[in-house]
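Chain by chain, the residues run as shown.
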Amino acid sequence: MDQFLTFGIVGLTTAAIYAVIGSGLVLTYTTTGVFNFAHGAAGMFAAFTYWQLSIGWGVPVWLSLIIILGVLAPGFALLVELAMRPVQRLGEAEKMVMTIALLSALIAVARWIWDPNDAKSIPRFFAERSPIHIGSATITWHQAVTMAVAIAVAIGLRVLMFNTRIGTEMRATVDDRGLVGLTGANPVRANRVAWILGTELAAIGGILIASMVALDAMQLSLLIISAYAAAIFGRLKSLPMTFVGAIVVGCMEAYLAGYLPQNAYLPGLRLAAPAILLLLALLLFPHGRLRGRDRRLTRVPLPTVRGTLIFGAVIVVFAVVLTTVLGEGDLISFGLIFPMSIIALSFVPLAGFAGQISLCQLTMAGIGAAACAYFGGSGQWWALIAAVVVSAIAGALVAIPALRLSGVYLALGTAAFAVIMDRWIFTLPEFNLFGADISIFDQGSVELVGPNLFGFHFDTTARVTILSAVFLALATLMVALVRRSRFGRRLIAQRDSEAAYATLGGNLLMAKVAVFALGAGIAGLGGALYGMQLQSVTADQFNFVAGLPLFLIAVIAGLGSVGAGFFTGFMLAGPFVAVVMIWPDSADLVQVIPGLLGIAFAGGIISSGAIPQMRKEWDPVFADRIGVSAFLSWFVLLWALRLADVIDGWMFFFGIVAGVVALRVWVAVKPKPTIDPDDIDSQNSDTSGPNGAIVESDIPVEWWGIKRPWRAEDEEVLDHAVATRG
């Protein structure tokens, strides 16, 4: 009985911290309508700052708390509120991108400022005092302070929300911001107060829990999973039920730590328990099943088969060039462009076409890598097919419970699945299933070898790089064909309005299962090739946090564009890797860039996606045959000189850059013939050509087919516009 009470006190102490953090999350969401994925990261940053002040610089504890809670936390909250204001009236996707980007950026900044290899710890409050004895139970002063803070927070929030004017404004703001403004209240002020209070509570929780766990940026940020579960108990609106959920989560963790049987398969279960509880809460508690369409839908581009084939050929040629100009060591790093591009491509049908926000695609890649290592230990060619099939099955299994989830709930569900895989499933030792001995990552790393295909063994880095490029080209073509197919149009219709899609007879279950399986299969293929490129991979390379930059860069590229995969892989394994090679100390700093770009995109600084913007700027360049021919000749000459070792890699690179700049200058200064608008009807050419004075965007839709030729895709564009007009 004494042991039961001891673990109960530990559980209630942890529950008190989860209640404080979770109440801040619920307060922010109910007032602003924004689910803050970076809530835990804010607490993590406060904990590191507290360590820096009190331990690193010797500032007194009381003064450190005043500086953090009185100055830094409110200042950070005001900056976040200012950044979130432009996306306040947008859809859930843009809000999620902003907070996910903030989560990724804060973790990267913390790892950059505070070296994760240096162990840090925070002493508990009043550690020098004797503990309090209540019967056979012993309570430390830190535990007592934690519980007292949770009680004070509960009482304070109750008084604030129901007995003050600002509390009334905060509750009213989420219902109707415009109506609140008409009554003379200030919704901006209500939002500002909510962000300040939410961040303060996250900071308090982060400081309290930092003395009980290792001071690690990623671990502290992911402790928010437990607070997520508590908040979902309260359905993101009830503070009392959030406290009840916190008690359930905290006590469950404590009793699992005390009474879970000791064997090799269960330690990870205790670590994954909050994520499991979060997933169960999402599935069991009622949520809106069919939701209206997002308020900022973008048209999904319709790629041409010819253009996609040319794009695929460029990808393969690019891979061949890399294998001929880079050494073995550099090729291992830069060759990751292609498998990472395949993993990122999985977001296009899933999030770009179907609007299903998944944060577990890198986990699916890990499943594919493990499956390929299991089936292809001797280079069996069909191991790649097995990796795709196993990952697709996992994706389909995720899709079935996800049918009743959408928006932020779907993102939370897929994040919980990724954490469960990270903390438990990927750490399992070898086990027997239906008579077969299965080892996932063998509690360490797994080795992957290139396949034997038609008697040809892909046993070198160069060969695996070209193989990955070929598969990327084929996968891109497949996604383009999906977009052009009836299935692709159904996915877009489902994205626009699940309610309308179901009303018109669409099968939501089959559509979601199919697109989740498709996305997971593509990611699994990318994961297998990723492992072959590196020859050995660990489970940590496929964790939840590592997948956030992939998602953010894919969003920035434009999820509806089939080129988003290559753009993402190129950015993450191209310029970012090159910067780290030139300046090794910038590794953690470079990890901040995806988060900053995600914040810029969600805030509207980067609009409409990078790929559509690049196409708008570069289409006139590509249409200039003289300039492109000259550039290709220059490129071939440089390549030949590099192969002959006449120039080195840097001269080759800067020579290409010079050629690109010269091409842009040529197109810019080249005289452009004007077109008489009266003669447009007599010209059998597209008015969107680079040399025309009139571009396609200048022609109103009612003049399509009159002032420019009618196209096959115009009908779909018009149907889509009519169907989604709101």
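Refer to the preceding data block for the structure.
Since we're looking at a predicted model, the values are computed, not measured.

Draft legend 1. View of the overall build of the protein. A count of helical and extended segments in the protein gives 32 helices and eight strands. Residues classed as buried in the protein amount to 50% of the 726 residues present. Once local pairs closer than 6 in sequence are excluded, the contacts in the protein between residues at least 24 apart make up 75%.

Draft legend 2. Geometry of the side chain of Ser391. Tracing the sequence through the fold places Ser391 in helix 18 (residues 383-402). A relative accessible area of 0% means that Ser391 is categorised as buried. A polar side-chain atom of Ser391 sits 3.4 Å from the main-chain carbonyl oxygen of Met364. With residues near it in sequence (within four places) discarded, Ser391 still touches Met364, Ile367, Gly368, Ala520, Gly521 and Gly524.

Draft legend 3. Local environment of the environment of Leu589. Tracing the backbone through its elements, the reader meets Leu589 in helix 27 (residues 587-590). Its relative accessible area of 27% is what places Leu589 among the partly exposed residues. For the pair Leu589 and Val109, spaced 480 residues apart in sequence, the C-alpha separation works out to 6.8 Å. Residues within four places of Leu589 in sequence aside, it is in contact with Trp112 and Trp583.

Draft legend 4. Seen up close, the packing of aromatic side chains. Under the counting rule described, the total for this entry stands at 26 aromatic pairs. A ring pair is formed by Phe311 and Phe566, whose centres lie 6.0 Å apart and whose planes are at 80 degrees; its orientation type is edge-to-face. With a gap of 255 residues between them, Phe311 in helix 13 (residues 305-325) and Phe566 in helix 25 (residues 564-573) connect regions that are remote in the sequence. In this structure Phe566 comes out as buried when scored by relative accessible area, which is 16%. Pairing Phe566 with Phe570 gives two aromatic rings, centres 6.0 Å apart and planes at 35 degrees, and the pair type is tilted. Note that Phe566 and Phe570 are positioned in helix 25 at a spacing of four residues, about one turn of the helix.

Draft legend 5. Main features of empty space enclosed by the protein. Throughout the structure, instances matching the rule amount to eight cavities of 30 Å³ or more. The calculated volume of the largest cavity comes to roughly 90 Å³. Looking at the lining of the largest cavity, the elements with two or more residues in it are helix 2 (39-56) and helix 8 (187-210). When the residues that make up the lining of the largest cavity are grouped by side-chain class, the tally is seven nonpolar, five polar and no charged.

Draft legend 6. Just helix 10 (residues 224-233), in detail. Most of helix 10 sits inside the fold, with ten of its ten residues counted as buried. Count one or two residues on from helix 10 and you reach Arg235, which has phi positive near 55 degrees.

Draft legend 7. Main features of unusual backbone geometry. One non-glycine residue with positive phi stands out, namely Arg235, at about 55 degrees. Within the secondary structure layout, Arg235 lies in the loop between helix 10 and helix 11 (239-259). The phi angle at Asp645 is positive, at roughly 60 degrees, despite the residue not being glycine. Inspection of the secondary structure assignment puts Asp645 in the loop between helix 30 (625-643) and helix 31 (649-669).

Draft legend 8. Just a nonpolar patch on the surface, in detail. On the surface, a cluster of nonpolar side chains totalling about 1100 Å² of accessible area is made up of Val579, Met581, Ile582, Trp583, Trp650, Phe653, Phe654, Val657, Val661, Val665 and Val669. Listing elements by their share of the nonpolar patch, those giving two or more residues are helix 26 (575-582) and helix 31. The element best represented in the nonpolar patch is helix 31, accounting for seven residues. Relative to the helices and strands, Phe653 resides in helix 31.

Draft legend 9. Structural detail: helix 12 (residues 267-284). The terminal C-alpha atoms of helix 12, which comprises 18 residues, lie 26 Å apart, in line with the 26 Å expected from a rise of 1.5 Å per residue. Of all the positions in helix 12, only Gly268, Leu269, Ala272, Ala273, Pro274, Ala275, Leu277, Leu278, Ala281 and Leu282 are classed as buried. Residues of helix 12 that are buried in the fold lie against helix 10, helix 11 and helix 19 (407-423).

Quick notes on the rules
Residues numbered from 1 in each chain as written. Predicted model: local features only at pLDDT ≥ 70, side-chain atom pairs only at ≥ 80, totals over all residues. Heavy atoms only, no water. Helix = DSSP H or I, 4+ residues; strand = E, 2+ residues; numbered from the N terminus. Buried < 20%, exposed > 50% of the residue type's maximum accessible area, 1.4 Å probe, protein only. Contact = heavy atoms within 4.5 Å. Polar contact = N/O pair within 3.5 Å; in protein donor to acceptor, adjacent residues only side chain to side chain. Phe/Tyr/Trp six-rings, centres within 6.5 Å; stacked < 30°, edge-to-face > 60°. 1 Å grid on protein atoms, 1.4 Å probe; cavity = no way out; pocket = protein on both sides within 12 Å on 5 of 7 lines; lining within 4 Å. Points joined across faces, edges and corners; volume = space filled by probe spheres on them. Nonpolar A, V, L, I, M, F, W, Y, C, P; charged D, E, K, R; others polar. Patch = residues over 30% accessible without salt bridge, like charges linked within 9 Å, V, L, I, M, F, W, Y side chains within 5 Å. Areas by Shrake-Rupley, 256 points an atom, 1.4 Å probe, with all protein chains shown as cover. Salt bridge = Lys/Arg side-chain N within 4 Å of Asp/Glu carboxyl O. Expected span 1.5 Å × (residues − 1).

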